[in-house]
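# Working through the structure, step by step
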Amino acid sequence: MEWKRLPLCFALFAGLAFGTTTHGEATDIAISCGAVGQELELCRTGAEAWAKTTGNTVKVVSSPNSATERLALYQQLLAGGASDIDVFQLDVVWPGILASHFIDLKPYSKGQEAEHFKSIIDNNTVDGKLIAMPLFTDAGVLYYRKDLLDKHGIKVPETWEDMTKAAETVQKAERDAGNSSLWGFVFQGRAYEGLTVNALEWIDSFGGGTIVDAEGAITVNNPKAQAALALTQQWVKRIAPEGVLNYAEEEARGVFQSGNAVFMRNWPYAWALANGQDSPVRGKVGVTALPRGGDGGKHSGVLGGWNLAVSRYSKHQKEAADLAMFLTGREEQKRRAVIASYNPTMPTLYEDAEVLKANPFFKTLYSTFTNAVARPSRVTGQNYNRVSYAFWGAVHEVLSGQSEASPALARLESELKRMSRRGW
Amino acid sequence: MGLTSMASASADPGRARVRTAWMFLAPTLIALAVVAGWPLARTIWFSFTDARLDDLTRYGFVGLDNYLAFDDGEWFGVLAEPDWWNAVSVTLWFTVVSVSLEVVFGLAVALALNVRFPLRGVVRAAILVPWAIPTVVSAKMWAWMLNDQFGVINYVLMGFGVITTPVAWTASADTALWAVLIVDVWKSTPFMALLFLAALQMLPQDCYEAAKVDGVGPVRALIHITLPLLRPAIITAVIFRALDALRIFDLIYVLTSNARSTMSMSIYARQQLVDFQDVGYGSAASTLLFLIIAMITISVIALGRLDFDKGATR
């Protein structure tokens, strides 16, 4: 008896499925957003605003926090030509690796790209095609506990050596006073892309170059880079918890925001969260440029940032491009900056009163954001990931004490030479 | 129709049985060829090419270059990579240690569960919980428990005074592999225990009765009766677990990411394939992994003199 009804069930079910997929004119767009800090929430509200005005629907797909893992996921999806995700959020170093999978956005941008920083637009242009629109930019900054520095009469550090000393002093004094879980400094020490960023900032601040220079020559094995890594090797266990060797952005923020660190290297997004209603360090946090490396060094900061690109395999390229343009547009960038401290990619927004009120440091650190040092992704092209892996691997060995700075850099140099034996 | 087939069957019953056997096996063989044979053949083929992940349709044949090549006075290829050999030694160390520990703990648990006591059914079910949790979930769960600042493990150990400062389990190169090992043992011991328990319940009781009459103690009975009788089950379990351990990926990937010191062979192959988009090179690593697993499995079977047919008829 029951089985006789089966065909009917199938028919009903098929009708239902068919009905939902073809009903109406509206299309369903899937966007993959990051989930670091408040990214996912901002992406959702932004996309929903677009959906409401256009009558389409949007599905927000969250992806791994680690940039390295996110790239792996994207590569698997894109290599298979999957149309599941229409709009992808791309790291600033990926256009060279992934360009072939995305459409040229120029026909959809209507000149909007002229409003953004030229350097980012150049970065996102591969073989004359604009493959991604800038969503937000980034550069590393140093967070510090204003209250703790004031309490111990220490000035905001100018150099890494100053910071090391300050961190040690405050950590010792506070621990003696019973605050046993306090650490001096947290950063991104996990073996992933974030460590490449951190270590490049150290080396660049000492004037040690950018691993591979603009002409493709391997420059990483030099005395200044050795000095930088030799200094940072002393941090782990002394002013930084050993666990920092497995920290990405959010793990570092977890320690700092719960009040357990004096200094933190992170991206600007941590500002809004550190000053959020529920933050134990609300109102006690300052932001400054990353310290210089010694007296001859300079303030550095590695260029980060994310972009939106439309998949070549998308079945709704027009709508997807429209969503990308909306989310990277002026209003959305301003909203993201005010609510969650994501750096806009439009110079004019750095003079906007509301943006500056929410993020006073945007003005003082403007030159850090606009002169941030780029990772060698352009010159190394398809090989960038290999270079970055070799680099963070060498740095991780130094930080964890398995190797000293100069032999590690010498090995790295020969490894990179092997890699580039037929050019990058 | 029915008559003729019956007639031929009675004429040559052996051949008909063989034919029937092949007929029943055919779907399995076809399915195996499609889901296992084809990808394996494709991977082996790719290992002789310079294919890249962004466009798998364009590639050139490079011979054995991905395995080993001599160029400008230097060796290249997977077999010349220190990272690969590091991955091999990490994986072998992990396999030997984890499987040995799991056999010992699994046996202990199985022997305990073989004794009659109240609520035995509940305990038997409960002990399977770690095995039932997906590896990625248990890896993430343990990652939190092992966290250096907020993890419960450090909290407990410090509470008991075992350690004075929190240990960064998954961060330090010295402890990261041990952390992976602990999680794997925690997860896989129940599986071993289950296999051993099933075997224990099949053991003939008359041996034990005879031993008791002869005044043999429980320890000697364990060594001289239980273990020899359990040997086929133990070897089967070891092969099962060793195959898993040699392929280990998710646990290490979640707990320690891409750190060199904990990289297994699978993680190495995945990195070449996905992170570096080098399908040719990554396929060569995968093929080597396959060969190593095959060799180890064959030698374990040979060394254990495991006769599957004999086991089946017994």
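What counts, and where the lines are drawn
Residues numbered from 1 in each chain as written. Chains lettered and ligands numbered in written order. Predicted model: local features only at pLDDT ≥ 70, side-chain atom pairs only at ≥ 80, totals over all residues. Heavy atoms only, no water. Helix = DSSP H or I, 4+ residues; strand = E, 2+ residues; numbered from the N terminus. Rg over C-alpha atoms; globule rule 2.2 N^0.38 Å. Buried < 20%, exposed > 50% of the residue type's maximum accessible area, 1.4 Å probe, protein only. Contact = heavy atoms within 4.5 Å. Areas by Shrake-Rupley, 256 points an atom, 1.4 Å probe, with all protein chains shown as cover. Lys, Arg positive; Asp, Glu negative; His and termini not counted. Charge placed at Lys NZ, Arg CZ, Asp CG, Glu CD. Expected span 1.5 Å × (residues − 1). Arc of directions from axis to C-beta. Buried area = accessible area lost by both parts, 1.4 Å probe. Salt bridge = Lys/Arg side-chain N within 4 Å of Asp/Glu carboxyl O. Polar contact = N/O pair within 3.5 Å; in protein donor to acceptor, adjacent residues only side chain to side chain. pLDDT = per-residue confidence, 0-100. Core = buried A, V, L, I, M, F, W, Y, C linked by side-chain atoms within 4.5 Å. Phe/Tyr/Trp six-rings, centres within 6.5 Å; stacked < 30°, edge-to-face > 60°. Pairing = 2+ DSSP bridges. Axes fitted to C-alpha atoms, helices over the stretch in contact; angles between N-to-C directions. Disulfide = S-S within 2.5 Å. Patch = residues over 30% accessible without salt bridge, like charges linked within 9 Å, V, L, I, M, F, W, Y side chains within 5 Å. Parallel < 35°, antiparallel > 145°, perpendicular 65-115°, else oblique. Left-handed = near helix turned anticlockwise from the far one by under 90°.

Let us look at the overall build of chain A. Helix and strand counts for chain A come out as 20 helices and 11 strands. In terms of overall dimensions, chain A is globule-like: its C-alpha atoms have a radius of gyration of 23 Å, near the 22 Å expected for 424 residues. Going through the 424 residues of chain A one by one, you find that 58% of them count as buried. For chain A, long-range pairs separated by at least 24 residues make up 73% of all intrachain contacts whose partners lie at least 6 apart in sequence. Counting only carbon and sulfur atoms, one obtains 54% of the accessible surface of chain A, whose full area is about 17,100 Å². Measuring between centres, the 44 positive side-chain charges of chain A sit 2 Å from its 46 negative side-chain charges.

Turning next to helix H20 (residues 405–419) of chain A. Residue and element names in this part refer to chain A. A rise of 1.5 Å per residue sets the reference length of H20, with its 15 residues, at 21 Å; its end C-alpha atoms lie 21 Å apart and thus fit the reference within 8%. Of all the positions in H20, only Ala405, Ala408, Leu409, Leu412, Glu413 and Leu416 are classed as buried. Looking straight down H20, one finds that the buried residues subtend no more than 140° of arc, so they occupy a single side.

Moving on to the interface of chain A and chain B. Opposite the 37 residues of chain A that make contact, chain B presents 36 residues. Each partner contributes to the roughly 2,900 Å² buried at the junction of chain A and chain B, and carbon and sulfur atoms together form 45% of this total. Among the residues of chain A in contact with chain B, Arg386, Tyr389 and Arg418 of chain A are the three that bury the most area, contributing 24% of the side total. Counting every contact that joins chain A to chain B gives 6 salt bridges. The closest approach of N and O atoms between aspartate 71 of chain B and arginine 421 of chain A, which form a salt bridge, is 2.6 Å. Across the chain A-chain B interface, the total number found is 13 residue pairs in polar contact (both at pLDDT 80 or more). Secondary structure elements with two or more residues in the side of chain A that touches chain B: helix H3 (67–79), helix H11 (249–257), helix H19 (384–399) and H20 of chain A. With 8 residues, H19 of chain A is the largest single contributor of residues to the side of chain A that touches chain B.

Our next topic: the side chain of asparagine 154 of chain B. All names here are of chain B. Among the structural elements, asparagine 154 can be located in helix H7 (residues 152–159). Given the relative accessible area of 3%, asparagine 154 is considered buried. Among the polar contacts listed, one links the side chain of asparagine 154 to the backbone oxygen of asparagine 147, at a separation of 3.4 Å. Apart from the residues within four sequence positions on either side, asparagine 154 is in contact with Leu146, Asn147, Asp148, Ile163, Pro166, Val167 and Trp169.

All right, on to the confidence of the model for chain A then. Summing up the model confidence of chain A, the mean pLDDT is 90 and the portion of residues at 70 or higher is 94%. Taken together, the stretch residues 6–24 of chain A has pLDDT below 50 and engages in 0 contacts with residues farther than four places along the chain or on a different chain.

Counting 193 residues, the largest nonpolar core has Leu90, Trp94, Trp202 and Phe263 of chain A as the members making the most contacts within it. Among residues more than four places away in sequence, those in contact with phenylalanine 263 of chain A are Leu142, Tyr143, Tyr144, Leu149, Pro157, Met163, Ala166, Ala167, Gly184, Phe185, Val186 and Phe256 of chain A.

Here we take up the packing of aromatic side chains. Two aromatic rings are characterised by how far apart their centres lie and by the angle between their planes. All names here are of chain A. Going through the model one piece at a time under the given rule, you end up with 36 aromatic pairs over all chains. On the basis of an interplanar angle of 55° and a centroid distance of 4.6 Å, the ring pair of phenylalanine 136 and tyrosine 342 is categorised as tilted. Highlighted residues: phenylalanine 136 in strand E6 (residues 133–139) and tyrosine 342 in the loop between helix H14 (330–340) and helix H15 (353–358), separated in sequence by 206 residues. You can call phenylalanine 136 buried: its relative accessible area is 3%. Classification of tyrosine 342 as buried rests on a relative accessible area of 3%.

Residue and element names in this part refer to chain A. Reading across from one edge, E2-E1-E3-E11-E6 is the order of the 5 strands in this open sheet, with mixed pairing throughout. The strands lining the two open edges of the sheet, one partner per strand, are strand E2 (57–62) and E6. Taking each pair of neighbouring strands and ignoring which way they run, the sheet shows an average axis angle of 20°. Two strands pair when backbone bridges link them, and strand E1 (residues 28–33) and E2 are joined in this way by 6 bridges, in the parallel orientation.

Further remarks concern the state of the cysteines. Residue and element names in this part refer to chain A. All told, the structure shown has 1 disulfide over all chains when counted by the stated rule. Two residues share a disulfide in this structure: cysteine 33 and cysteine 43, whose sulfurs sit 1.7 Å from each other. With cysteine 33 in strand E1 and cysteine 43 in helix H2 (residues 39–54), this pair connects stretches of sequence that are 10 residues apart. Note on cysteine 43: relative accessible area 3%, which makes it buried.

On the surface, Val18, Trp22, Leu25, Leu29 and Leu32 of chain B cluster together into a nonpolar patch covering about 490 Å² of accessible area. Checked against the element boundaries, tryptophan 22 of chain B lands in helix H2 (residues 13–46).

Our next topic: the packing of helix H10 (residues 223–233) of chain A against H20 of chain A. Helix-helix packing: each pair is described by the crossing angle between the helix axes and the interaxial distance. Residue and element names in this part refer to chain A. Between H10 and H20, the shortest axis-to-axis distance is 9 Å and the interhelical angle comes to 130°. Relative to H20, the element H10 is oriented oblique. In terms of crossing hand, the pair formed by H10 and H20 is right-handed. Between H10 and H20, the contacting residues are Ala225, Gln226, Leu229 and Ala230 on the first element and Ala405, Ser406 and Leu409 on the second.

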